[in-house]
Amino acid sequence: MNRDEKVSATRRSFLAAGMALPAAGLASVRAPGAAFYQAPAALPVRTLGKTGMKVTRLGFGCMITSDPSVISRAVDAGITYFDTARRYQQGNNERMVGAALKGARSRITLSSKSGGKTKTEAMQDLETSLKELGTDHLDIWYMHARDEAAAIPDECLEAWTAAKKEGKIRAIGVSTHNPNNIADRVMQAGIFDVVLVQYNFASGNTIDATLKRFFEAGIGLVGMKVVAPAAGRGRGGAAATPPVPGKPVAALKWVLRNPLIDTIIPSMTDMDQLEANLRAVNEKFGPEDEKLLAALNEEIRPYYCRACHQCDGQCPQGLPVADVIRFASYTDFYGQYSVGRERFLELPERLQKVRCEDCGACAIRCPNGVRVQERLIRAQQLYA
Ligand code: SF4
Ligand code: SF4
């Protein structure tokens, strides 16, 4: 039985047993007294669905990274998957990522994303991405943040298919905060090789059935925002509190114990985070982690949206409630005000002007205990 067959067996067991199985049989990343990063062989590797691409189980989300030396160090440490997007950091992130990965391109899997909704917009984005990243192709090109079927129009399917045919991309992907909502469209389109999903302990098992559906179709699965709810910043306007060591690591291990997830792309901004994640990728999720996350789940309950989307369509003014609460979370959990504001300003102008504080009592009741109106007011106070 080769390694991938073993992964398949583990995955089959997982599917049968639910979330009970921890990651097993993984060597330690750092020997006592060794240098902070290890030889590449120490990191577990997966084949990304039917793409055939081999990626380390720990990838690198570059969205909020501004120090290129952290990315270079990750390459040295053996991480082989790096993700960016055309719009990150107002279009400047790709240039930095390209410079940091110079010389390593042939050894790594590189993805970017386009929010383009027409063929022309998307193709322009792709040309810019290739230029900024200093490469002649992307390994994965994602349709960015497609949370409903209508956000994957036929024109996009044509653009991404053409790019693959021309050899400008190797695999077609889609990124989403709501995989349940786009699953039928993804399956029906039949062109997708990889799906990048928001997945973390706070959302629990709400997307497990969809992950299984994608997995069984041979679609590679990448987890994003895996640590976000454990990032431990100030919430609801409270003074920022530093992240509690241990919580982000436990959150990362929680995701990695799901063998359906091929790789994850936590954001990393400094060497400490990189080091902690390199260690965590080879550690088991244990009872202490479980306890930490259970307590944290209660702590963040009123603030962090679980992305269950049960409130979709309930605001009479048409506010995309889950999205706007997520925008507040960029500041309150990630400490990334500019990302949250950028996303807020992408809303149609009419929705930017909605003021939930003028609404009286909000009729929307979140089954997960999020204080919906309070969080929306927070987002509007932050960004409007
Ligand atoms: S606010 Fe509540 S109901 Fe709405 S998506 Fe978030 S967790 Fe679900
Ligand atoms: S408070 Fe906000 S989300 Fe709730 S109904 Fe009013 S406008 Fe919609």
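So, here's what we can say about the structure. (Residues numbered from 1 in each chain as written. Chains lettered and ligands numbered in written order. Predicted model: local features only at pLDDT ≥ 70, side-chain atom pairs only at ≥ 80, totals over all residues. Heavy atoms only, no water.)

**A look at the site of ligand 1**
For ligand 1, the full set of nearby residues is Cys 305, Arg 306, Ala 307, Cys 308, His 309, Cys 311, Ala 322, Ile 325, Cys 366, Pro 367 and Asn 368. Grouping the constituent residues of the shell around ligand 1 by class yields eight nonpolar, two polar and one charged. (Near = heavy atom within 4 Å. Nonpolar A, V, L, I, M, F, W, Y, C, P; charged D, E, K, R; others polar.)

**Some thoughts on the side chain of Arg 46**
Within the secondary structure, Arg 46 is located in strand β1 (residues 45-47). Buried and unpaired, Arg 46 has Asp 262 as its nearest opposite-charge partner, separated by 4.5 Å. (Helix = DSSP H or I, 4+ residues; strand = E, 2+ residues; numbered from the N terminus. Buried < 20%, exposed > 50% of the residue type's maximum accessible area, 1.4 Å probe, protein only. Lys, Arg positive; Asp, Glu negative; His and termini not counted. Salt bridge = Lys/Arg side-chain N within 4 Å of Asp/Glu carboxyl O.)

**Overview of the sheet that holds strand β10 (residues 263-264)**
Spatial ordering of the open sheet is given by β3-β4-β5-β6-β7-β8-β9-β10, a layout of eight strands whose pairing is parallel. On the outer flanks of this sheet lie β3 (60-61) and β10, each paired with one strand and no other. In the sheet, strand β4 (residues 81-83) pairs with strand β5 (residues 109-114) via three bridges, with the strands oriented parallel. When the bridges of β5 are listed, Phe 82 appears paired with Leu 110. Sheet strands touched by helix α5 (residues 154-165): β5, β6 (138-143) and β7 (169-176). Its angle to β7, the strand with the most contacts, is close to 150°. (Pairing = 2+ DSSP bridges. Contact = heavy atoms within 4.5 Å. Axes fitted to C-alpha atoms, helices over the stretch in contact; angles between N-to-C directions.)

**A look at the site of ligand 2**
Around ligand 2, a shell composed of Cys 315, Pro 316, Gln 317, Val 354, Cys 356, Cys 359, Cys 362, Ile 364, Gln 373 and Leu 376 is seen. Taken together, the residues that form the shell around ligand 2 break down as eight nonpolar, two polar and no charged.

**Quick notes on the packing of helix α8 (residues 247-256) against helix α10 (residues 287-300)**
The N-to-C vectors of α8 and α10 enclose an angle of 105°; their axes lie 9 Å apart at closest approach. Considering their axes alone, α8 and α10 lie roughly perpendicular with respect to each other. Residues Lys 247, Ala 250, Ala 251, Lys 253 and Trp 254 of α8 pack against Asp 289, Leu 292, Leu 293, Leu 296 and Glu 299 of α10. (Parallel < 35°, antiparallel > 145°, perpendicular 65-115°, else oblique.)

Treat this as a map of the structure, not an account of what it does.
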